[in-house]
Amino acid sequence: MLKITLGKYEIDHVGSSLIAEEKGLMPKGISQQIEEMCRKFGLPVTYENWDKEALYQALTHDKKARGTNLKLVIVPELGRAAIHQIPLQEMKDFLERKE
């Protein structure tokens, strides 16, 4: 169970870094570096075909969700982290674009 939870977190981190790259909050290419580090440590990074609506509903109840926003931990550069809020709708739009 712990391994599955950790794996989902790492996949989420790669996905959320892609969102942050799109918004210009993280430098282009850093998501690739994060993915490579996850692979190096044997953590899963591939997208699973989750029920997008169920995943979105889970995000709305996450401890980082407040009202219509979600706090994301972003990595402006490796070794440094920051917290940035994005509208939950942007996360939903991102999930819907994933095939």
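Residues numbered from 1 in each chain as written. Predicted model: local features only at pLDDT ≥ 70, side-chain atom pairs only at ≥ 80, totals over all residues. Heavy atoms only, no water.

### Some remarks on the pairing of strand β2 (residues 69-77)
Going by this rule: Two strands pair if DSSP finds at least two bridges between them. Helix and strand labels come from DSSP, where a helix needs a run of H or I of at least four residues and a strand needs a run of E of at least two; each type is numbered from the N terminus.
Alignment of strand β1 (residues 65-66) against β2, held across 2 bridges, turns out to be antiparallel. Residue pairing across strands places Ala-65 opposite Leu-70, the latter belonging to β2. From the end of β1 to the start of β2, which pair antiparallel, there are 2 residues, and Gly-67 there has a positive phi angle of about 60°. Sheet topology note: the β2/strand β3 (residues 80-87) ladder contains 7 bridges and is antiparallel. Bridge pairing in β3 places Ile-74 opposite Ala-82.

### Digging into the sheet that holds β1
Counted only if it meets this: In this description, contact between two residues means that some pair of their heavy atoms is separated by no more than 4.5 Å. For helices, the axis comes from a line fit to the C-alpha atoms of the stretch in contact; other axes are also lines fit to C-alpha atoms, and the angle between any two N-to-C directions lies between 0 and 180 degrees.
Strand order in the open sheet formed by 3 strands is β1-β2-β3, with antiparallel pairing between adjacent strands. A strand with exactly one partner marks an edge of an open sheet, and here the two such strands are β1 and β3. Strand contacts of helix α4 (residues 88-97): β2 and β3, with the helix running at about 95° to β3, the strand carrying the most contacts.

### Considering the pattern of salt bridges
Defined as follows: For this document, the term salt bridge refers to a Lys or Arg side-chain nitrogen within 4 Å of an Asp or Glu carboxyl oxygen. Think of it in three bands: residues with accessible area under 20% of the maximum for their type are buried, residues over 50% are exposed, and the middle band is partly exposed, with areas taken using a 1.4 Å probe on protein chains only.
Evaluation of the coordinates by the stated rule reveals 5 salt bridges. Salt-bridge contacts for Lys-92 lead to Glu-53; the nearest nitrogen and oxygen are separated by 3.6 Å. Of the two residues, Lys-92 sits in helix α4 while Glu-53 sits in helix α3 (residues 52-60), which places them 39 residues apart along the sequence. Glu-53 gets classed as partly exposed once you look at its relative accessible area, which sits at 39%. Salt-bridge contacts for Asp-62 lead to Lys-64; the nearest nitrogen and oxygen are separated by 2.9 Å.

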